[in-house]
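Survey of secondary and tertiary structure
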Amino acid sequence: MIEVNHLTKRFGRVTAVDDVTFRVERGEILGFLGPNGAGKTTTMRILTGYMPATDGTAVVAGFNVFEQPLDAKRRTGYLPETPPLYPDMTVREYLDFVARIKGLPPAERRPRVDTAMERTRVADVRDRHCGKLSKGYRQRVGLAQAILHNPEVLILDEPTAGLDPKQIIETRELIKGLAGDHTIILSTHILPEVSQTCQRVVIINKGRVVAVDTPANLTKRLRGSEMLYVEVDAGAADARALFERLPGVTRVGETGRHDGAVGYEVETVRGQDIRRDLARAVVHEGWGLLELRPTGMSLEEIFLQVTTSEEPVAEVSHE
Ligand SMILES: Nc1ncnc2c1ncn2[C@@H]1O[C@H](COP(=O)(O)OP(=O)(O)O)[C@@H](O)[C@H]1O
Ligand SMILES: [Mg+2]
């Protein structure tokens with residue numbers, strides 16, 4: 001439904017988007033995840049025809065956005081970072097105005113506006129001026145204008161930014177409800193967003209795609225750095241020094257102590273299971289081994305790891 005191939009955008013000497021390639025299948029919600037300045041907004045502006053690319057191609061709903069921009073635009077709804085509301089128009093007037101701009105036939109305007117207001121739950125403020133709306137409502141009216149012409153593709157730039165926790169949950173549910181009928185790309189720099197809303201994630205950093213996968217697979221792939229949680233009662237001895245000497249261990253961190261027991265996080269190189277060696281060493285010292293279990297990485301840790309690494313994900317190492 002969306003195909004981005006080798007997309008590049010340079011602003012003078014700044015390369016905001018650097019050879020970005022990814023696909024989004026019909027009905028899918030794709031998360032576009034990256035820190036501020038990663039190139040998310042620039043990519044979305046190109047996909048929605050607001051900005052030309054320096055290089056590469058983008059096809060949206062079967063239309064090349066550079067060669068057939070009107071056809072592509074007609075099938076795309078766009079929620080920019082700041083929804084373009086007119087403060088002096090009421091919500092209904094504004095949506096009717098957008099419906100005209102989008103060229104909806106007069107007979108369809110009213111039912112379309114009503115449906116969009118219902119789906120985004122803004123009907124109760126339909127007669128309020130846009131300038132008087134709360135941030136949450138502004139964002140929802142922005143969503144309403146994006147879905148007004150019932151586009152196949154929705155491109156939502158940080159749809160939950162600046163919302164309070166309750167509004168965030170509501171907006172997420174709303175977006176999930178729109179998937180299926182629509183193919184969605186949403187950008188965010190917040191991690192829980194993608195694991196809770198998206199089927200697939202493109203992680204972008206400094207204009208480059210560093211990973212594309214499902215949230216679950218990303219976690220699995222990067223769990224390569226086996227992380228163990230170990231709790232020992234070593235009396236006055238230094239268990240940390242012992243763990244650091246075990247072959248395969250790359251890092252040992254203390255996580256806490258209570259009642260004479262000390263908890264450690266022991267990180268090892270990918271694919272090396274040191275649990276037997278570690279258990280034997282602890283017993284050999286005559287210490288008590290109270291707990292020993294592998295721990296997974298949160299998406300948060302993965303994100304930090306891929307965005308701080310210079311290398312592509314497949315080659316992330318832990319030296
Ligand atoms: N119109 C512009 N002119 C010059 N540089 C820009 C422009 N728009 C964005 N940039 C730069 O491109 C990079 C990516 O920005 P942006 O796409 O807004 O990132 P994100 O949305 O991920 O925070 C940043 O370094 C930003 O400063
Ligand atoms: Mg942005």
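Quick caveat, the model's predicted, so the values are computed rather than measured. (Residues numbered from 1 in each chain as written. Chains lettered and ligands numbered in written order. Predicted model: local features only at pLDDT ≥ 70, side-chain atom pairs only at ≥ 80, totals over all residues. Heavy atoms only, no water.)

**Some points on the overall build of the protein chain**
A count of helical and extended segments in the protein chain gives 11 helices and 14 strands. Here the C-alpha radius of gyration of the protein chain, 25 Å, is well above what a compact globule of 319 residues would show, namely 20 Å. Dimensions of the protein chain along its principal axes, counting C-alpha atoms only, are 85 × 45 × 35 Å. The buried share among the 319 residues of the protein chain stands at 50%. Put simply, of all contacts in the protein chain between residues at least 6 apart along the chain, 68% involve residues at least 24 apart. For the protein chain, the computed accessible surface area is about 15,400 Å², with 49% contributed by carbon and sulfur atoms. Mean positive and mean negative side-chain charge positions of the protein chain (42 and 45 charges, respectively) differ by 7 Å. (Helix = DSSP H or I, 4+ residues; strand = E, 2+ residues; numbered from the N terminus. Rg over C-alpha atoms; globule rule 2.2 N^0.38 Å. Buried < 20%, exposed > 50% of the residue type's maximum accessible area, 1.4 Å probe, protein only. Contact = heavy atoms within 4.5 Å. Areas by Shrake-Rupley, 256 points an atom, 1.4 Å probe, with all protein chains shown as cover. Lys, Arg positive; Asp, Glu negative; His and termini not counted. Charge placed at Lys NZ, Arg CZ, Asp CG, Glu CD.)

**Observations regarding the coordination of the magnesium ion (ligand 2)**
With distances of 2.0 to 2.4 Å, the protein atoms coordinating the magnesium ion (ligand 2) are Thr41 (OG1) and Glu81 (OE). Remark: Glu81 occurs in the loop between strand 6 (76-79) and helix 3 (91-101) and Thr41 occurs in helix 1 (residues 40-47); sequence separation between them is 40 residues. (Donors = N, O, S within 2.8 Å, 3.2 Å for Na, K, Ca; no water.)

**Describing the nonpolar core**
Formed by 40 residues in total, the largest nonpolar core has its most connected members in Val91, Leu95, Val141, Leu156 and Ile184. At six residues, helix 5 (residues 135-147) tops the list of elements feeding residues into this core. (Core = buried A, V, L, I, M, F, W, Y, C linked by side-chain atoms within 4.5 Å.)

**Quick notes on the domain arrangement of the protein chain**
Each domain of the protein chain was delimited in the assignment, giving domain 1 (2-220) and domain 2 (224-295). On a C-alpha basis, the centroid separation for the pair domain 1 and domain 2 is 46 Å. (Domains from an automatic or database assignment.)

**Description of the pattern of salt bridges**
Taken as a whole and assessed by the stated rule, the structure comprises 22 salt bridges. Between Glu170 and Lys166 there is a salt bridge, with the nearest N and O atoms lying 3.3 Å from each other. With Glu170 and Lys166 both in helix 6 (residues 165-178) and four residues apart, the pair spans about one turn of that helix. Here Glu170 falls in the partly exposed class, since its relative accessible area comes to 24%. Across the pair Glu254 and Arg257 runs a salt bridge, and its minimum N-O distance is 2.9 Å. Taking the relative accessible area as the measure of exposure, Glu254 reaches 38% and is therefore partly exposed. Residue Arg257 is classed as exposed on the basis of its relative accessible area of 59%. Through salt bridges with shared partners, a single ionic network connects Asp71, Arg74, Arg75 and Glu152. (Salt bridge = Lys/Arg side-chain N within 4 Å of Asp/Glu carboxyl O.)

**A few points about the sheet that holds strand 1 (residues 2-11)**
Strand order in the open sheet made by the four strands is 2-1-4-5, with antiparallel pairing throughout. The outermost strands of the open sheet, each flanked by one partner alone, are strand 2 (14-24) and strand 5 (63-64). Of the strands in this sheet, strand 1, strand 2 and strand 4 (55-60) are in contact with helix 1, which crosses strand 1 at around 115°. (Pairing = 2+ DSSP bridges. Axes fitted to C-alpha atoms, helices over the stretch in contact; angles between N-to-C directions.)

**Side note on the pairing of strand 11 (residues 227-233)**
Most of strand 11 is tucked away: six of the seven residues are buried. In this structure, strand 11 lies alongside strand 13 (residues 261-268), joined through six bridges in antiparallel fashion. Bridge pairing in strand 13 links Glu231 to Gly263. Of the strand pairs in this sheet, strand 11 and strand 14 (residues 288-295) are connected by seven bridges, and their pairing is antiparallel. Bridging across to strand 14, Glu231 finds its partner in Glu291.

**Considerations on the environment of Gln139**
Within the secondary structure layout, Gln139 lies in helix 5. A relative accessible area of 2% places Gln139 in the buried class. In this structure, the C-alpha to C-alpha distance between Gln139 and Thr171, residues 32 residues apart in sequence, is 8.7 Å. Gln139 has contacts with Leu79, Pro83, Glu158, Pro159, Thr160 and Leu163, leaving out every residue within four places of it along the chain.

**Section: the environment of Gly263**
Topologically, Gly263 is positioned in strand 13. Sequence separation between Gly263 and Tyr86 is 177 residues, and the spatial gap between their C-alpha atoms is 56 Å. If sequence neighbours within four positions are ignored, Gly263 has contacts with Tyr229, Val230, Glu231, Gly253, Glu254, Thr255 and Gly256.

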